[in-house]
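So you can see what is in the structure, the chains are spelled out below.
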Amino acid sequence: MSASDLPTSSRVVIVGGGIIGCSLAYHLGHLGWSDVVLLERDKLTCGTTWHAAGLMTTFGSTSETSVEMRTYTRELYGRLEEETEQATGFEPVGFIELAADADRLEEYRRVASFNRYCGNDVEEISPEEIKRLFPLAKVDDILAGFYLKKDGRVNPVDATMALAKGARQKGVRIMQGVSVTGVTTDNG
């Protein structure tokens, strides 16, 4: 890419083309911000995104904002493929959090109660139910599980590419092979 391809100004410049940068570009584009540029030093997902685990779980927080963001993200990955015609690899295979001692059981019951208050469907299940859902599990030392049937996994690279495509569809410019070597501020 030549320097002449770079815009001389932009309302927003996003540095980094991983899942976070592409999500930011996608959401700004969907808010109507078309004067947005995302710069990636190499290729999209080349940093840490490509080897992320890809777990998509909404459980574990006692922050209403966090639960809402996690639930929104799960729903986004569920519809993003249809919107962009780009696979995300999202599979709602379910998620089970295990409690192996009394303290953890008490903690997860509090978390589950709060999650249900926020509208997140969490079900406490027995060790036998865990074994039924996940036959490879060793459950003889487990007190209970907390199951979210809509949670699952996503392919981080595919999800990033879908977010990038959705951003481009809204007019965001994504430029790869552009290293950011400094930031200049003017008027604050």
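Let me sum up the structure you'll find in this document. Every value quoted in this text rests on a predicted model; they were computed, and no experiment measured them.

Between helix α1 (residues 19-30) and helix α2 (residues 64-84), whose axes approach to 14 Å, the crossing angle comes to 75 degrees. The angle between the axes of α1 and α2 places the two elements in the roughly perpendicular class. Of the residues in α2, those in contact with I19, Y26, H27 and H30 of α1 are Y72, L76, Y77, L80 and E83. Residue classes in the contact of α1 with α2 are distributed as six nonpolar, two polar and one charged.

Keep in mind that most residues, glycine aside, have a negative phi and that most peptide bonds are trans. Phi is positive for T45, close to 75 degrees, though the residue is something other than glycine. For T45, the position within the fold is in the loop between β2 (36-40) and β3 (55-56). We classify T45 as buried; its relative accessible area is 7%.

Quick look at helix α3 (residues 102-117) now. Spanning 16 residues, α3 covers 23 Å between terminal C-alpha atoms, matching the ideal 22 Å at 1.5 Å per step. All buried positions along α3 are accounted for by L105, Y108, V111, A112 and N115. The arc that holds the buried residues of α3, viewed along the axis, is 130 degrees, so those residues lie on one side. Across from the buried face of α3, at angles greater than 90 degrees, the exposed residues are A102, D103, R110 and Y117. Measuring from the backbone nitrogen of D103 back to the side-chain oxygen at the start of α3 gives 3.2 Å, which picks out D101 as the cap.

Here the focus is the sheet that holds strand β5 (residues 123-125). As summarised here, the arrangement of the three strands in space is β4-β6-β5, forming an open sheet in which the pairing is antiparallel. Both edges of this open sheet fall to β4 (95-99) and β5, since each of them pairs with a single strand only. If you compare each strand with its neighbour and ignore which way they point, the axes differ by 30 degrees on average. In this structure, β5 lies alongside strand β6 (residues 144-148), joined through three bridges in antiparallel fashion.

The residue N115 is located in helix α3 in this model. For N115, a relative accessible area of 0% puts it in the buried group. Once residues lying within four places of it in the same chain are set aside, the contact partners of N115 are T58, F59, G60, S61, V67, N120 and V122.

Moving on: the layout of surface pockets. Within this model, the largest pocket holds a volume of roughly 450 Å³. Surrounding the largest pocket, 18 residues form its lining, I19, I20, S23, T73 and Y77 being those nearest its centre. For the lining of the largest pocket, the secondary-structure elements that each account for two or more residues are α1, β3, α2 and α5 (156-169). Element by element, the count of residues in the lining of the largest pocket is highest for α2, at five residues.

Hydrogen bonds along the backbone pair up the strands of a sheet, which may run parallel or antiparallel. Within the open sheet, the three strands sit side by side as β1-β2-β8. Their pairing is parallel. Here the strands that pair on one side only, and so sit at the sheet edges, are β1 (12-15) and β8 (173-176). Between one strand and the next, the sheet's axes are offset by a mean angle of 20 degrees, whatever the strand orientation. Of the strand pairs in this sheet, β2 and β8 are connected by four bridges, and their pairing is parallel. Following the sheet pairing, V37 is matched in β8 by R173. Strand contacts of α1: β1 and β2, with the helix running at about 160 degrees to β1, the strand carrying the most contacts.

About the cut-offs
- Residues numbered from 1 in each chain as written.
- Predicted model: local features only at pLDDT ≥ 70, side-chain atom pairs only at ≥ 80, totals over all residues.
- Heavy atoms only, no water.
- Axes fitted to C-alpha atoms, helices over the stretch in contact; angles between N-to-C directions.
- Helix = DSSP H or I, 4+ residues; strand = E, 2+ residues; numbered from the N terminus.
- Parallel < 35°, antiparallel > 145°, perpendicular 65-115°, else oblique.
- Contact = heavy atoms within 4.5 Å.
- Nonpolar A, V, L, I, M, F, W, Y, C, P; charged D, E, K, R; others polar.
- Buried < 20%, exposed > 50% of the residue type's maximum accessible area, 1.4 Å probe, protein only.
- Expected span 1.5 Å × (residues − 1).
- Arc of directions from axis to C-beta.
- Polar contact = N/O pair within 3.5 Å; in protein donor to acceptor, adjacent residues only side chain to side chain.
- Pairing = 2+ DSSP bridges.
- 1 Å grid on protein atoms, 1.4 Å probe; cavity = no way out; pocket = protein on both sides within 12 Å on 5 of 7 lines; lining within 4 Å.
- Points joined across faces, edges and corners; volume = space filled by probe spheres on them.

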